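Coordinate analysis (summary)
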Amino acid sequence: MNLQQFRYVKTIAAAGSFSEAAKQLYVTQPSLSQAVKELEEELATELFLRSKVGVQLTEAGRDFLVYAQQILAQTEQLKQHFAGKQVHDFTILSQHYDLLSAPFLTVVNQFRQSCQEFHLIETTTQQILAGLRDFTGDLGILYLDETNRKILERHFAQEGFSYEVLGAFATQIFLRKDHPLARQKVILREELAAYPQVRFKQEAYGGVSFEEDPLAVTAGGLDLAEEMARIGTNERDREISSVKSQQTSGIPHDTNLPEAACEVPLQPTLYTNDRGTLMNLLVQSDAYASGLGIIGGFVAEHICLRPLADGTTHQLVAVFNDRRKRSEMAEAFIAAVKESLV
């Protein structure tokens, strides 16, 4: 089956006869009939009802023509695309960062004559990696730190990805400007225990969740991930369950967990997958979020940043699939991001 046969069927159906179609296609009627016969044999179905006065499409022929016309139309679009030397789209897959809008618009303005569509998609870490693997994204933007570096670098190596560091940032706490903690110059980890945390929702991958937020989920000021590592695998379920139940009931306990964890009621963790929603939750509540600490525009009018004492340093990186050549637009975007961070 080939495109020429698709064109034959389309022309015959429109002309109503093999003889007229042969004239329009500038082929002999026997060769046209033979081509259609071979197609019908391959499909094991009859496409035309033949008579002395002409031909009619069968039901199967009608169905075939619908698909054939779609394929022919897409083929024509493909030819026009490459004839015009125009890039169809440019796609950035990213975690949720306010800083990317300006560099993105720089690329749009620079390449608007040679590219039809520009996409800046904020999504989960897993979707970023899947999009790079499937070539639907030109590059991915995410962060690396001591908690996710090993697993992500191992994943990059398996998929043939590489990354370029765009900048390094200390952990910042996002608060509304009249938040009780906003008066402080630096925030201690235990001071956050009295407030809800807002986080971006992530899928699990191979039993591991690719968290986007630098600060781990906490229970009354206790970093559960750190404490589970400290007390060991065999006891962690019993100890953490004990901490949660005693925090909510007010019953004292004699474990080795920090005393501050027993004194503050367990606060809820709020999840969203939308950056705008996260900012609204911060503005309308005493909740906090953690991140790289880069904000601008109207967000800066309502949100303030405070450094976390003893917080870790994170790298913002651009990830590429090395099986695909970096585009000129990707290079321009990376340059624009770096310039914006100076």
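Residues numbered from 1 in each chain as written. Predicted model: local features only at pLDDT ≥ 70, side-chain atom pairs only at ≥ 80, totals over all residues. Heavy atoms only, no water.

Considering helix H7 (residues 149–159)
All of the buried residues along H7 are Ile-151, Leu-152, His-155, Phe-156 and Glu-159. Projected down its long axis, H7 shows its buried positions confined to an angular sector of 140°, all on one face. Projecting away from the buried face of H7 at angles above 90 degrees are the exposed residues Lys-150, Ala-157 and Gln-158. The positive-phi residue at the C-terminal boundary of H7 is Gly-160, with phi of around 80°. (Buried < 20%, exposed > 50% of the residue type's maximum accessible area, 1.4 Å probe, protein only. Helix = DSSP H or I, 4+ residues; strand = E, 2+ residues; numbered from the N terminus. Arc of directions from axis to C-beta.)

Remarks on the packing of aromatic side chains
Applying the stated criterion across every chain yields a total of four aromatic pairs. Site record: aromatic cluster; members linked through ring pairs are Phe-156, Phe-161 and Tyr-163. Taking the ring centre of Tyr-271 as reference, the NZ or CZ of Lys-201 above it sits at 4.9 Å. Between the NZ or CZ atom of Arg-326 and the centre of the ring of Phe-320, over which it lies, the distance is 3.7 Å. (Phe/Tyr/Trp six-rings, centres within 6.5 Å; stacked < 30°, edge-to-face > 60°. Lys NZ or Arg CZ within 6 Å of the ring centre and 35° of its normal.)

Focus on the packing of helix H6 (residues 125–133) against H7
Contact pair H6 / H7: the axes reach a minimum separation of 11 Å and the direction vectors enclose 20°. Comparing the axis directions of H6 and H7 gives the class roughly parallel. Seen along the crossing, H6 lies across H7 with a hand that is right-handed. Only Leu-152, His-155, Phe-156 and Glu-159 of H7 make contact with H6, whose side of the interface consists of Thr-125, Leu-129 and Arg-133. A class-by-class count of the residues in the contact of H6 with H7 yields three nonpolar, two polar and two charged. (Axes fitted to C-alpha atoms, helices over the stretch in contact; angles between N-to-C directions. Parallel < 35°, antiparallel > 145°, perpendicular 65-115°, else oblique. Left-handed = near helix turned anticlockwise from the far one by under 90°. Contact = heavy atoms within 4.5 Å. Nonpolar A, V, L, I, M, F, W, Y, C, P; charged D, E, K, R; others polar.)

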